[in-house]
Amino acid sequence: MESPREALLARLGLSGELPHLEEALTHPSFSNEQRKGACADNQRLEFLGDAVLGLCVAELLMLRFPGADEGELSRMRAALVNPNPLATWARSVELGAALRLGRGAQAAGERDRMNVLADAVEAMMGAIYLDRGLDAARVFVHAVIAEPLARLTEGPERTRDPKSELQERVQATGGPSPRYRVVRVEGPPHHRDFTVVVEIDEQVVGEGQGRSKKLAEQEAARAAILRLWSGDADAASEVSSGSNESEVRPSNGALPRTEDA
C-alpha cells in the first residue's frame, strides 16, 4: 500500500529523486517535537519557494498580458500568489495528507488550515527549484496557478482592484456601500490569517481570506463580484432590493470585529 507521500507524487506526476521533499512536507510542529536538530522544518524552503513563485508568476503575466500596465500586473499577481489559491490547489491534490505534523498540530486540525497548506506548497516550489532547477519549478508553479490564471484570462475586468470594482458596481445599482467585517483571526502575531466578510445592506455576499486584513478584504470583494455578477441577473438585483433570501454565511460563523494587526 502506497504512503500518502507516494500517492501525492503519483498525482503530481513527479518521479525520481527529490532530496528536499521530506523537508518541504515537514511542518515546524513536527520538527519541534523531535530531538533538537534531528530534522529540518519547511520554513526555509517556504522562504525560497515564495521567491520562486513570485518570479514565475511575474514572468508568466508579462508574457500572457503584454498590454497590461504595472498596476494591472500587480493586481493579477496578488490574485495568484496569495494563500487562497495555493491552499485550494493543495486540497485538490490532497497535499495535507502527506504533511508531517506534530501531535498537537494534528489534534488541532492544522492539516487543513489555509496557511499550513499554502506554506507547504511554497516549500515544495523551493524544493523542486533546488532539486530540479528553475524549468521544473516553473512547470510546477504553472500547474498550481492554472485555474485562477484561467479566470483572469476569461475575465480581464477582474484584474482591477476588486474593492473599487465592487463599490462601483453596487453604486450603479443604487445599493448601499459595501461594509467589510473581520470574522476570524488565526495564527501567531507574525503570521496572521484573516477571514473577512463583505456585507451589502446587512447581507453577507462574499468571504475572503488573506495574510493581512487588506488582502482578505480584496478576496471577499472578488468573491462577491463573482457571486453577484456571474451572469445571474436575479442575484445582482438583490443588491438594490435588500433581499436576504440567499445570504452567504462565513464558514465558521461571525465573531466580534477584530482590528487589523
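Computed from a predicted model, the values in this text were never measured in an experiment.

## Some details on the UniProt feature "active site" (unreviewed entry) in the protein chain
Stage number 1. Taking the UniProt record as the reference, the feature "active site" (unreviewed entry) is found at Asp50 and Glu122. Considering the C-alpha atoms alone, the annotated residues occupy 73 residues of sequence yet fold into one spot, their largest mutual distance being 5.6 Å.
Stage number 2. Mapped onto the secondary structure, Asp50 falls in helix 4 (residues 43–64).
Stage number 3. For Asp50, a relative accessible area of 43% corresponds to the partly exposed category.

## Regarding unusual backbone geometry
Stage number 1. Phi angles above zero are rare outside glycine, and Glu94 is one such case at about 60°.
Stage number 2. Looking at the secondary structure, you find Glu94 in the loop between helix 6 (83–92) and helix 7 (103–107).
Stage number 3. A positive phi angle is found at Glu202, which is not glycine, with a value near 65°.
Stage number 4. Considering the arrangement of structural elements, one finds Glu202 in the loop between strand 2 (193–200) and strand 3 (203–210).

## Some details on helix 4
Stage number 1. Under the 1.5 Å per step criterion, the end-to-end length of helix 4 is 31 Å for 22 residues, consistent within 8% with the ideal 32 Å.
Stage number 2. Every buried residue belonging to helix 4 is among Leu45, Glu46, Gly49, Val52, Leu53, Cys56, Val57, Leu60 and Leu61, and all of these are buried. For helix 4, the buried positions fall inside an angular range of 155° around the axis, keeping them on one side. Facing away from the buried side of helix 4 by more than 90 degrees, the exposed set consists of Arg44, Phe47 and Met62.

## Remarks on the confidence of the model for the protein chain
Stage number 1. On average, residues of the protein chain score 83 in pLDDT, and 84% of them are at 70 or above.
Stage number 2. Here residues 232–236 is modelled with pLDDT under 50, and outside its nearest four sequence neighbours on either side it reaches four contacts, counting other chains as well.
Stage number 3. Below pLDDT 50 for its whole length, residues 242–261 participates in 39 contacts with residues either more than four positions away or in separate chains.

## Observations regarding the UniProt feature "binding site: Mg(2+)" (unreviewed entry) in the protein chain
Stage number 1. Cross-referencing UniProt, the feature "binding site: Mg(2+)" (unreviewed entry) maps to Glu46, Asp119 and Glu122 in the present numbering. Sequence-wise these annotated residues cover 77 residues; spatially they are packed, their C-alpha atoms never more than 5.9 Å apart. In the annotation above, Glu46 and Asp119 are the residues that line the second largest pocket.
Stage number 2. In this structure, Asp119 sits in helix 8 (residues 114–132).
Stage number 3. For Asp119, the contacting residues outside a window of four places in its chain are Glu46, His191 and Arg211.
Stage number 4. Note that Glu122 resides in helix 8.
Stage number 5. The class for Glu122 is buried, based on a relative accessible area of 3%.
Stage number 6. Among residues more than four places away in sequence, those in contact with Glu122 are Leu45, Glu46, Gly49, Asp50, Leu53, Val81, Leu86 and Arg211.

## Digging into the environment of Ala58
Stage number 1. For Ala58, the location among the structural elements is in helix 4.
Stage number 2. Between the alpha carbons of Ala58 and Leu73 there is a distance of 7.7 Å; along the sequence they are 15 residues apart.

## A closer look at the sheet that holds strand 2
Stage number 1. What the three strands build is an open sheet, ordered 1-2-3; its pairing is antiparallel. Among the strands making up the open sheet, the edge pair consists of strand 1 (179–186) and strand 3. Going from strand to strand, the sheet's axes swing by 20° on average, the running direction of each strand aside.
Stage number 2. Taken together, the seven bridges between strand 2 and strand 3 define a ladder with antiparallel strand orientation. Bridge pairing in strand 3 places Val198 opposite Gly206.

What counts and what doesn't
- Residues numbered from 1 in each chain as written.
- Predicted model: local features only at pLDDT ≥ 70, side-chain atom pairs only at ≥ 80, totals over all residues.
- Heavy atoms only, no water.
- UniProt positions renumbered as here; feature names shortened; annotations may be inferred.
- Helix = DSSP H or I, 4+ residues; strand = E, 2+ residues; numbered from the N terminus.
- Buried < 20%, exposed > 50% of the residue type's maximum accessible area, 1.4 Å probe, protein only.
- Expected span 1.5 Å × (residues − 1).
- Arc of directions from axis to C-beta.
- pLDDT = per-residue confidence, 0-100.
- Contact = heavy atoms within 4.5 Å.
- 1 Å grid on protein atoms, 1.4 Å probe; cavity = no way out; pocket = protein on both sides within 12 Å on 5 of 7 lines; lining within 4 Å.
- Pairing = 2+ DSSP bridges.
- Axes fitted to C-alpha atoms, helices over the stretch in contact; angles between N-to-C directions.

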